[in-house]
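# A look at the structure
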Amino acid sequence: MSTWANLGLQDSASPLMEQLIFFHDHALLILVMITVLVGYLMFMLFFNNYVNRFLLHGQMIEMIWTILPAIILLFIAFPSLRLLYLLDEINEPSITLKSIGHQWYWSYEYSDFNDIEFDSYMIPTNELSTDGFRLLDVDNRIVLPMNSQIRILVTAADVIHSWTIPALGVKVDGTPGRLNQTNFFINRPGLFYGQCSEICGANHSFMPIVIESVPINYFIKWITN
Ligand code: CUA
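The protein appears in an unreviewed UniProt entry as Cytochrome c oxidase subunit 2 from Drosophila navojoa. The record held by UniProt for the protein lists under Catalytic activity (unreviewed entry) the comment "4 Fe(II)-[cytochrome c] + O2 + 8 H(+)(in) = 4 Fe(III)-[cytochrome c] + 2 H2O + 4 H(+)(out)". Comment text from UniProt for the protein, heading Subcellular location (unreviewed entry), reads "Mitochondrion inner membrane".

In structure tokens form, the structure reads like this:
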């Protein structure tokens, strides 16, 4: 999870989030190179004494500074598209979790098993234990097995919500009347925090998501209870 002064991306807990971080760094590097070059050129214009009163056109330079930026943009566009399609790939999920957004809590259904469904509410600040995280902890966590392909189905009962877990690189809108799908693979155990990220009403900030990632035998033990 994010802690104090952590303004960048969180550490990844899934292969897709790792790829997203790589792409972010790659795009940022290109951005820095462009900014430095343009900044340098603009700064140097102040000291330019060369003036040509009869200069009306320059076909060659126009050609270069049109095509060159287009080529540079391709270096962002192709990795971006690769990632876009990679995020949509479904690799034979071993478990499916359905999450339904409500005003203002999430409810979950483990459709592979009988009668496993529960609501997940934020723990209010005055009921929080000393080691709890304010506005982030919930009463019923989602328990999921690590090192397995997980499919998540997202929908909503009233207005649009968004099921978002930064460390896993997951962000899916829950829309009434629609069933959205994505998938992820958690590659380490731990607690992963997320929040709703569609402005869904007065208590939008107070419907967090907590995933408890556990080894698969722990998960089987939990699901059979
Ligand atoms: Cu649900 Cu914002």
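So that's the structure; there's more coming.
Moving on, we come to the packing of aromatic side chains. Scanning all chains against the criterion turns up 11 aromatic pairs. Residues Tyr105 and Tyr121 carry aromatic rings whose centres are separated by 4.4 Å and whose planes lie at 20 degrees to one another, so their mutual orientation is stacked. Here Tyr105, found in strand β2 (residues 105–109), pairs with Tyr121, found in the loop between β3 (117–120) and β4 (142–145); they are 16 residues apart in sequence, far enough to count as distant. The class for Tyr105 is buried, based on a relative accessible area of 16%. Note on Tyr121: relative accessible area 37%, which makes it partly exposed.

When its domains are assigned, the protein resolves into domain 1 (15–88) and domain 2 (95–224). Computed from C-alpha atoms alone, the centre-to-centre distance between domain 1 and domain 2 is 39 Å. Counting residues at the interface gives five residues for domain 1, matched by eight residues for domain 2. When domain 1 packs against domain 2, close to 460 Å² is buried across both sides, 51% of that on carbon and sulfur atoms. Counting the contacts that link domain 1 with domain 2 gives zero salt bridges. Our count for the domain 1 to domain 2 interface comes out at zero residue pairs in polar contact (both at pLDDT 80 or more). With four residues, the single largest contributor to the side of domain 1 that touches domain 2 is helix α1 (residues 15–45).

Attention shifts here to the sheet that holds strand β1 (residues 95–102). Strand order in this open sheet of five strands is β3-β2-β1-β5-β8, and the pairing throughout is mixed. Both outer strands of the open sheet, β3 and β8 (180–185), are each paired with one neighbouring strand and no more. The average angle at which neighbouring strand axes cross in this sheet is 25 degrees, direction not considered. As judged from the five bridges shared by β1 and β2, these two strands associate in the antiparallel manner. From the neighbouring strand, Lys98 faces β2, where its bridge partner is Glu109.

Attention now goes to the side chain of Thr182. Along the chain, the position of Thr182 falls in strand β8. Of the residues examined, Thr182 reaches a relative accessible area of 13% and is grouped as buried. Leaving out residues up to four positions away in the same chain, Thr182 has contacts with Leu87, Ile90, Ile150, Arg151, Ile152, Val170 and Val172.

Roughly 380 Å³ of internal volume is contained in the largest pocket. Contributing to the lining of the largest pocket are 19 residues, with Leu20, Leu87, Gly169, Val170 and Lys171 lying nearest its centre. Mapped by element, the contributors of at least two residues to the lining of the largest pocket are α1, α2 (59–87), β6 (161–165), β7 (170–174) and β8. In terms of residue class, the lining of the largest pocket is made up of 11 nonpolar, six polar and two charged. Lining of the second largest pocket is provided by Ile30, Met33, Ile34, Leu37, Val38, Leu41, Ile61, Ile64, Trp65, Leu68, Pro69 and Ile72.

What counts, and where the lines are drawn
Residues numbered from 1 in each chain as written. Predicted model: local features only at pLDDT ≥ 70, side-chain atom pairs only at ≥ 80, totals over all residues. Heavy atoms only, no water. UniProt positions renumbered as here; feature names shortened; annotations may be inferred. Phe/Tyr/Trp six-rings, centres within 6.5 Å; stacked < 30°, edge-to-face > 60°. Helix = DSSP H or I, 4+ residues; strand = E, 2+ residues; numbered from the N terminus. Buried < 20%, exposed > 50% of the residue type's maximum accessible area, 1.4 Å probe, protein only. Domains from an automatic or database assignment. Contact = heavy atoms within 4.5 Å. Buried area = accessible area lost by both parts, 1.4 Å probe. Salt bridge = Lys/Arg side-chain N within 4 Å of Asp/Glu carboxyl O. Polar contact = N/O pair within 3.5 Å; in protein donor to acceptor, adjacent residues only side chain to side chain. Pairing = 2+ DSSP bridges. Axes fitted to C-alpha atoms, helices over the stretch in contact; angles between N-to-C directions. 1 Å grid on protein atoms, 1.4 Å probe; cavity = no way out; pocket = protein on both sides within 12 Å on 5 of 7 lines; lining within 4 Å. Points joined across faces, edges and corners; volume = space filled by probe spheres on them. Nonpolar A, V, L, I, M, F, W, Y, C, P; charged D, E, K, R; others polar.

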